[in-house]
Amino acid sequence: MQREAQTGGRGNSRLITSYRDFAAALTAEGILSDPWVDGAPRFRMTPVWLDRATQGALYDAASGVAAVHAEAARLCALEPSLLARFFDLPPAYELMWRMSAPAWHGIARADVFLTADGPQVCELNSDTPSGEPEAVLLNRVVDGAGAAAFADPNCRLADRVFALLEDAAPRSGPLTVGIVYPTELTDDLSVIELYARWFEARGARVILGSPFNLHADGQGGVAMFGISCSVIWRHYKTDWWGERRTVWRSEDGYADDVPLLRQLALLAGAIARGRCAVVNPFGAVLTQNKRTMALLWEEIDRFAPWARAVIRRYLPFTARLEALPVARLRREKEVWVLKSDYGCEGEEVVIGAEMSDAEWARVLDDAIPTRWIAQRRFVPRADAAGRVANYGVYVVGGQAAGIFTRLQAGHTDRAALCAPTMVSLQ
């Protein structure tokens, strides 16, 4: 499917007094289409206000954690034995890692929380980070007193992403971007639409399709629908390209668990010949795996002093599930959170403090240890309503570039309230 160039508007500058008007302004550009979830507002009209010091602290945490993930990827590329010890990677996953190791980064989103001890990063979404439409569009239609004294931290996110795209592309020929995403799902259509508009507005040709629409272009590269692509913008998760596997002993396997080996081989050849770049690189199959955080802690003495300082300051202690005695985990239920290796959007997150002893014991018995981590629970600051702010800080090319804030009591999932985020000019 080929797209025609489109440009977005500047949002609605009139005073907005009702959520219905707010929702209308958000959906006017045709990117966001779901301002309600289960009949309740999905967005907050009033911004989260940050001072520059807080923004700087959030940005330092996000960019620092991205940097130590890059160090972990380099270490694994130098010492392949670490892959076998920390990561349960089947063949297609190992192929993805070899395709670009240690390259993994283009755009990522670190989920940062403020605590009494400073910022804490619970994870880095380095595979197919989302939330960009909400982050950008909410700030355009922000409704709040004193907004003129604040700046939009997301106003240059599009420029930063496109600069990254141009830098990744092969130097010869026009910039044609194939955005690859799960076309059968609707969850991230707004992200795809936003990316397409960003790229087209800056002169790129954009083609949309799924991995099943990729084919050889006859010149050593890769094409979609007969059009050669110099860059594949990958918004199709690495664990969906590979073998599909359950993380629970009690669950049956996936009905369709076959990896996309033809498509991976096609892209691997085009990358090796310099005919195509993939963003994010397939090396994200390692950094997206939460067991990378266990590697950072368990192998902390292997890292440079600056990296050890970042790990200790911003990452809660994390270990492979099999590295901790089950008796200890049962005894210390209140202080542990379990996360599966590729779980996302709050799925496959188990908080011991929110479970009974019997439920916690069942989880520990059912979880396949080599697919999980145990992370020490931290307590974020909450507002008067008990809601916690999850500051999703975008990191583009290693540098923090914007913020997507979600508010929710308990751990963040799809029911979180998305809020505009503004930063003081003083």
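Treat the numbers as computed from the prediction; the structure is a model and nothing was measured.

Q: For the sheet that holds strand β20 (residues 417-419), give the residues involved together with the corresponding values.
A: Taking strand neighbours across the sheet as the criterion, the five strands line up as β5-β4-β18-β19-β20 in an open arrangement whose pairing is antiparallel. Both edges of this open sheet fall to β5 (118-125) and β20, since each of them pairs with a single strand only. Adjacent strand axes in the sheet meet at a mean angle of 30° when their direction is disregarded. The pairing of strand β18 (residues 388-396) with strand β19 (residues 399-408) spans nine bridges and is antiparallel. Within β19, the position partnered with N390 by the bridge is R406.

Q: Describe in detail helix α4 (residues 91-100), supporting the description with residues and values.
A: An α-helical turn contains 3.6 residues, so a residue and the one three or four places further along point in the same direction. Listed as buried for α4 are A92, Y93, M96, W97, M99 and S100. Mapping the buried residues of α4 onto a view down its axis gives an arc of 155°, with all of them on the same face. With respect to the buried face of α4, the exposed residues turned more than 90 degrees away are P91 and R98. Summarising the contacts, the buried residues of α4 are in contact with α2 (52-78), α3 (81-86), α8 (238-241), α9 (261-272) and α10 (284-287).

Q: So what's going on with the pairing of strand β17 (residues 372-376)? Residues and values would help.
A: Within a regular beta strand, the side chains point alternately toward one face of the sheet and then the other, so they alternate between its two faces. Of all the five residues making up β17, four are buried; the element is thus mostly covered by neighbouring parts of the structure. Pairing of strand β14 (residues 318-320) with β17 involves three bridges; the strand directions are antiparallel. Each residue of the ladder has a partner; that of T318, found in β17, is Q375.

Q: For the environment of R377, give the residues involved together with the corresponding values.
A: Mapped onto the secondary structure, R377 falls in the loop between β17 and β18. Each C-alpha atom, one on R377 and one on I351, is 8.1 Å from the other, the two residues being 26 residues apart in sequence. Among all residues touching R377, those that are not within four sequence positions of it are E334, V335, W336, V337, I351 and A353.

Q: I'd like to hear about the sheet that holds β14, residue by residue, with values.
A: Read from one edge of the open sheet, four strands run β14-β17-β15-β16, paired in antiparallel fashion. Where the open sheet ends on each side, the last strands, each with one partner, are β14 and β16 (349-351). Between one strand axis and the next, the sheet turns through 20° on average, direction left out of account. In this structure, strand β15 (residues 336-340) lies alongside β17, joined through five bridges in antiparallel fashion.

Q: So what about empty space enclosed by the protein? Which residues, and what values?
A: A complete count under the given rule lists two cavities of 30 Å³ or more for this structure. Here the largest cavity is characterised by a volume of approximately 50 Å³. Of the residues belonging to the lining of the largest cavity, the class tally is two nonpolar, five polar and two charged. Space inside the second largest cavity adds up to approximately 40 Å³.

Q: An account of the packing of helix α5 (residues 132-140) against helix α7 (residues 189-201) is requested, with residue identities and associated values reported.
A: Orientation of α5 relative to α7, taken along the N-to-C sense of each, is 70°, at an axis distance of 8 Å. It follows from the interaxial angle that α5 and α7 lie roughly perpendicular. In this structure, α5 contributes E132, P133 and V136 to the contact, and α7 contributes S190, V191, L194, Y195 and W198. Of the residues assigned to the contact of α5 with α7, the class counts are six nonpolar, one polar and one charged.

Q: Give me the lowdown on the pairing of β15, citing residues and values where you can.
A: Most of β15 is tucked away, with five of its five residues classed as buried. Residues of β15 alternate between two faces, with W336, L338 and S340 on one and V337 and K339 on the opposite face, all of them buried. Judged from the three bridges that link them, β15 and β16 form a sheet pairing that is antiparallel. Across the sheet, the residue bridging to V337 is I351, located in β16.

Q: Tell me about unusual backbone geometry, and name the residues and values.
A: Trans is the prevailing form of peptide bonds, just as negative phi is the prevailing case for residues other than glycine. Put simply, A101 and P102 share a cis peptide bond, and its omega is 0°. You can see P102 is positioned in the loop between α4 and β4 (107-115). A cis amide bond links V279 with the next residue in sequence, N280, at an omega value of -10°. Of note, the phi angle at F225 is positive, near 55°, even though the residue is not glycine. Checked against the element boundaries, F225 lands in the loop between β10 (222-224) and β11 (227-228).

Q: Tell me about the nonpolar core, and please be specific about residues and values.
A: Membership of the largest hydrophobic core comes to 75 residues, with the highest contact counts inside it found for L214, I232, W241, L267 and L295. Ranked by the residues each element gives to this core, the list is headed by α2, at twelve residues. Formed by 44 residues, the second largest nonpolar core is a distinct cluster that contains Y19, L194, V206 and Y394.

Q: Residue-level account of the pattern of salt bridges, with values.
A: What the rule picks out here adds up to 24 salt bridges. Linking R140 and E29 is a salt bridge whose minimum nitrogen-to-oxygen distance equals 2.8 Å. Linking R140 in helix α5 with E29 in the loop between α1 (19-27) and β1 (36-37), this pair joins segments that are 111 residues apart in sequence. Judged by relative accessible area, which is 15%, E29 ranks as buried. Between R330 and D365 there is a salt bridge; the shortest N-O distance is 2.9 Å. Residue R330 is found in helix α13 (residues 326-331), and its partner D365 is found in helix α14 (residues 357-366); the two are separated by 35 residues along the sequence. By relative accessible area, which is 40% here, R330 ends up partly exposed. Judged by its relative accessible area of 44%, D365 falls in the partly exposed class. In this structure, a network of salt bridges that share partners links the residues E79, R85, E299 and R302.

Procedures and definitions
Residues numbered from 1 in each chain as written. Predicted model: local features only at pLDDT ≥ 70, side-chain atom pairs only at ≥ 80, totals over all residues. Heavy atoms only, no water. Pairing = 2+ DSSP bridges. Helix = DSSP H or I, 4+ residues; strand = E, 2+ residues; numbered from the N terminus. Axes fitted to C-alpha atoms, helices over the stretch in contact; angles between N-to-C directions. Buried < 20%, exposed > 50% of the residue type's maximum accessible area, 1.4 Å probe, protein only. Arc of directions from axis to C-beta. Contact = heavy atoms within 4.5 Å. 1 Å grid on protein atoms, 1.4 Å probe; cavity = no way out; pocket = protein on both sides within 12 Å on 5 of 7 lines; lining within 4 Å. Points joined across faces, edges and corners; volume = space filled by probe spheres on them. Nonpolar A, V, L, I, M, F, W, Y, C, P; charged D, E, K, R; others polar. Parallel < 35°, antiparallel > 145°, perpendicular 65-115°, else oblique. Core = buried A, V, L, I, M, F, W, Y, C linked by side-chain atoms within 4.5 Å. Salt bridge = Lys/Arg side-chain N within 4 Å of Asp/Glu carboxyl O.

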